[in-house]
Amino acid sequence: MYLMLRGILPFDSHEVDTILKNTIKADVPLDDDHWSRISPEGKDLLMKFLEKDSNKRIDINDALKHPWIRKRDELLPKYRGVNRIKSSENNSRVE
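Residues numbered from 1 in each chain as written. Predicted model: local features only at pLDDT ≥ 70, side-chain atom pairs only at ≥ 80, totals over all residues. Heavy atoms only, no water.

### Brief notes about the overall build of the protein
For clarity, the threshold we go by: The numbering of helices and of strands both runs from the N terminus, where a helix is a DSSP run of H or I of at least 4 residues and a strand a run of E of at least 2. The contact definition used throughout considers only heavy atoms, calling two residues in contact when any of these lie within 4.5 Å. Here the accessible surface of atoms and residues is derived via Shrake-Rupley with a 1.4 Å probe, and residues count as covered only by protein chains that are part of the display.
On a plain count of helices and strands, the protein comes out with six helices and two strands. Reading the helices (α) and strands (β) of the protein from amino to carboxyl end gives α-α-α-α-α-α-β-β. Counted over contacts in the protein with a minimum sequence separation of 6, partners at least 24 positions apart contribute 47%. As displayed, the protein has an accessible area near 7,600 Å², and 50% of this comes from carbon and sulfur atoms.

See below:
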């Protein structure tokens, strides 16, 4: 879901061990300007999926009831297109 919302992975490294270590121990960054364009509901569901404690992590049944999923038709028009950026390399649009 992070990749879907952000377009990049939360932890980047050429070393698999580093990625695994960060996935297990590090906090997921949501502090760059991109995240200001993601709905609060989207960020909330993402953080519930990324909960490190599996006993507290959201399950699929609760995820399907989450406002980001349930209110999709209401929220989508408000946020559609806000993540479009122009690529300086080829002037194509990225969503």
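### Looking at a nonpolar patch on the surface
Rules: Any residue with relative accessible area above 30% and no salt bridge may belong to a patch, with like charges joined within 9 Å and the nonpolar Val, Leu, Ile, Met, Phe, Trp and Tyr side chains within 5 Å. Any Lys or Arg side-chain nitrogen found within 4 Å of a carboxyl oxygen on Asp or Glu counts as a salt bridge. Burial classes: relative accessible area under 20% of the type maximum marks a residue as buried, over 50% as exposed, and values in between as partly exposed (1.4 Å probe, protein chains only).
On the surface, a cluster of nonpolar side chains totalling about 230 Å² of accessible area is made up of M47, F49 and L50. By the secondary structure assignment, L50 is in the loop between α3 (40-49) and α4 (60-65). Taking relative accessible area as the criterion, L50 reaches 32% and is therefore assigned partly exposed.

### What about the packing of aromatic side chains?
Selection rule: In this analysis, rings of Phe, Tyr and Trp, with Trp reduced to its six-membered ring, are considered paired at centre separations within 6.5 Å, and the interplanar angle assigns stacked below 30 degrees, edge-to-face beyond 60, and tilted for intermediate values.
Applying the stated criterion to the full structure yields one aromatic pair. Between the aromatic rings of Y2 and W35, the centroid separation amounts to 5.2 Å while the plane-to-plane angle is 50°, which identifies the pairing as tilted. Within this pair, whereas Y2 is found in helix α1 (residues 2-6), its partner W35 is found in the loop between α2 (16-25) and α3, the two being separated by 33 residues in sequence.

### Thoughts on the environment of D32
Formally: Each polar contact in these results corresponds to two N or O atoms within 3.5 Å; when the atoms are within protein, one needs to be able to donate a hydrogen and the other to accept it, and residues that are neighboring in sequence are counted only if both atoms are side-chain atoms.
Relative to the helices and strands, D32 is located in the loop between α2 and α3. Looking at D32, its side chain comes within polar contact range of the side chain of R6, at 3.1 Å. Reaching out from D32, the side chain makes a polar contact with the backbone nitrogen of H34 at a distance of 3.0 Å.

### Here's the deal with the pattern of salt bridges
A complete count under the given rule lists three salt bridges for this structure. With its nearest N and O atoms 3.1 Å apart, the salt bridge here joins D32 to R6. Of this pair, D32 sits in the loop between α2 and α3 while R6 sits in helix α1; the two residues are 26 residues apart in sequence, bridging distant segments of the chain. Residue K48 pairs with D44 through a salt bridge whose shortest N-O separation is 3.1 Å. Note that K48 and D44 are positioned in helix α3 at a spacing of four residues, about one turn of the helix.

### What about α3?
Worth spelling out the cut-off: Summarising the geometry, the arc corresponds to the directions from the helix axis toward the C-beta atoms.
Residues of α3 that are buried: G42, L45 and L46. Taken around the axis of α3, the buried residues stretch over an arc of 100°, which confines them to a single face. In this structure, the buried residues of α3 make contact with α1, α4 and α5 (67-70).

It is worth stressing that arrangement in space is one thing and function is another; only the former is reported here.
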